[in-house]
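# Residue-level structure breakdown
Below, each chain spelled out in residue letters.
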Amino acid sequence: MLKKIVLTFAATLLSCTLTWAESIQKLGFIDTSRVYQQSIQAQSIQKDLDKEFAPRQKKLQAMQIEGLKLKEAIESGKVPVTEREAKIKQMLQMDQQYKESAAELAEDYNLRRNEEFASLQQNANKVIIDMARKEGYDLIIQDAIFVNSKFDITDAVIKALNAQKQ
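As the structure is a computational prediction, the values presented were derived from the model and not from experiment.

## What to know about the overall build of the chain
- If you tally the helices and strands in the chain, you get five helices and two strands.
- In sequence order, the secondary structure elements of the chain are arranged as α-β-α-α-α-β-α.
- Each of the 166 residues in the chain was classed as buried or not, and the buried ones make up 22%.
- Counting contacts in the chain only where the partners sit at least 6 residues apart, residues at least 24 apart contribute 84% of the total.

Right under this line is the structure:
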């Protein structure tokens, strides 16, 4: 009895899935990582972020160089024995400060990047929905493991996004 119920359920599920699959006439796929790399808006966001965080990045690099010079001086034996312990302590403090600054920079950068790219994603979604309505898509998929290239509409989405920027 249970076997019959399970078989009936499986047959019903299979027929519903086939009916749903047959009802899809036009399918599209979008590679969002390409949109985030190749659209004018994404490139503009990246340039702005690079410009915004460049001073902090330079400061971090200078801190790293200073720490390496101090380490080399300690290891070379040029530091007098009386100053060696203080220099080692200074180097450890600099290393800790560098790590904290680097972590803070990475966190701030990622927060700003996520904010900016969330806006791009909303804009891209509007473009995709408009495209789906205008061109009669039944289903558009973002990010799949494998997609036949005939369904890839990423270039059209990038082109539509770039047209908005101009």
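## A word on the packing of aromatic side chains
- Per the counting criterion, the structure on display carries two aromatic pairs.
- On the numbers, 5.2 Å between centres and 65° between planes, the contact of Tyr36 with Phe117 is edge-to-face. Of this pair, Tyr36 sits in helix α2 (residues 32-38) while Phe117 sits in helix α4 (residues 81-135), and the two are 81 residues apart along the sequence.
- A relative accessible area of 6% means that Phe117 is categorised as buried.
- Plain terms: the ring middles of Phe53 and Tyr109 are 5.3 Å apart, the flat faces sit at 75° to each other, and that makes the pair edge-to-face.

## Quick notes on empty space enclosed by the protein
- Throughout the structure, instances matching the rule amount to one cavity of 30 Å³ or more.
- Quantified by volume, the largest cavity comes out at close to 40 Å³.
- Put simply, the parts of the chain that give the lining of the largest cavity at least two residues each are α2 and α4.
- Residues of the lining of the largest cavity, tallied by class, amount to four nonpolar, four polar and no charged.

## Things to note about the layout of surface pockets
- Space inside the largest pocket adds up to approximately 190 Å³.
- In terms of lining residues, the largest pocket is bounded by Met63, Gln64, Gly67, Leu68, Lys71, Met91, Leu92, Met94, Asp95 and Tyr98.

## A closer look at the side chain of Thr154
- The residue Thr154 is located in helix α5 (residues 154-165) in this model.
- Separated by 2.8 Å, the side chain of Thr154 and the backbone nitrogen of Asp31 make a polar contact.

## Some thoughts on the pattern of salt bridges
- As enumerated under the stated definition, the model contains eight salt bridges in all.
- A salt bridge links Glu52 to Arg112, with the nearest nitrogen and oxygen atoms 3.0 Å apart. Within this pair, whereas Glu52 is found in helix α3 (residues 40-76), its partner Arg112 is found in helix α4, the two being separated by 60 residues in sequence.
- For Arg112, a relative accessible area of 24% corresponds to the partly exposed category.

So, how was this worked out
- Residues numbered from 1 in each chain as written.
- Predicted model: local features only at pLDDT ≥ 70, side-chain atom pairs only at ≥ 80, totals over all residues.
- Heavy atoms only, no water.
- Helix = DSSP H or I, 4+ residues; strand = E, 2+ residues; numbered from the N terminus.
- Buried < 20%, exposed > 50% of the residue type's maximum accessible area, 1.4 Å probe, protein only.
- Contact = heavy atoms within 4.5 Å.
- Phe/Tyr/Trp six-rings, centres within 6.5 Å; stacked < 30°, edge-to-face > 60°.
- 1 Å grid on protein atoms, 1.4 Å probe; cavity = no way out; pocket = protein on both sides within 12 Å on 5 of 7 lines; lining within 4 Å.
- Points joined across faces, edges and corners; volume = space filled by probe spheres on them.
- Nonpolar A, V, L, I, M, F, W, Y, C, P; charged D, E, K, R; others polar.
- Polar contact = N/O pair within 3.5 Å; in protein donor to acceptor, adjacent residues only side chain to side chain.
- Salt bridge = Lys/Arg side-chain N within 4 Å of Asp/Glu carboxyl O.

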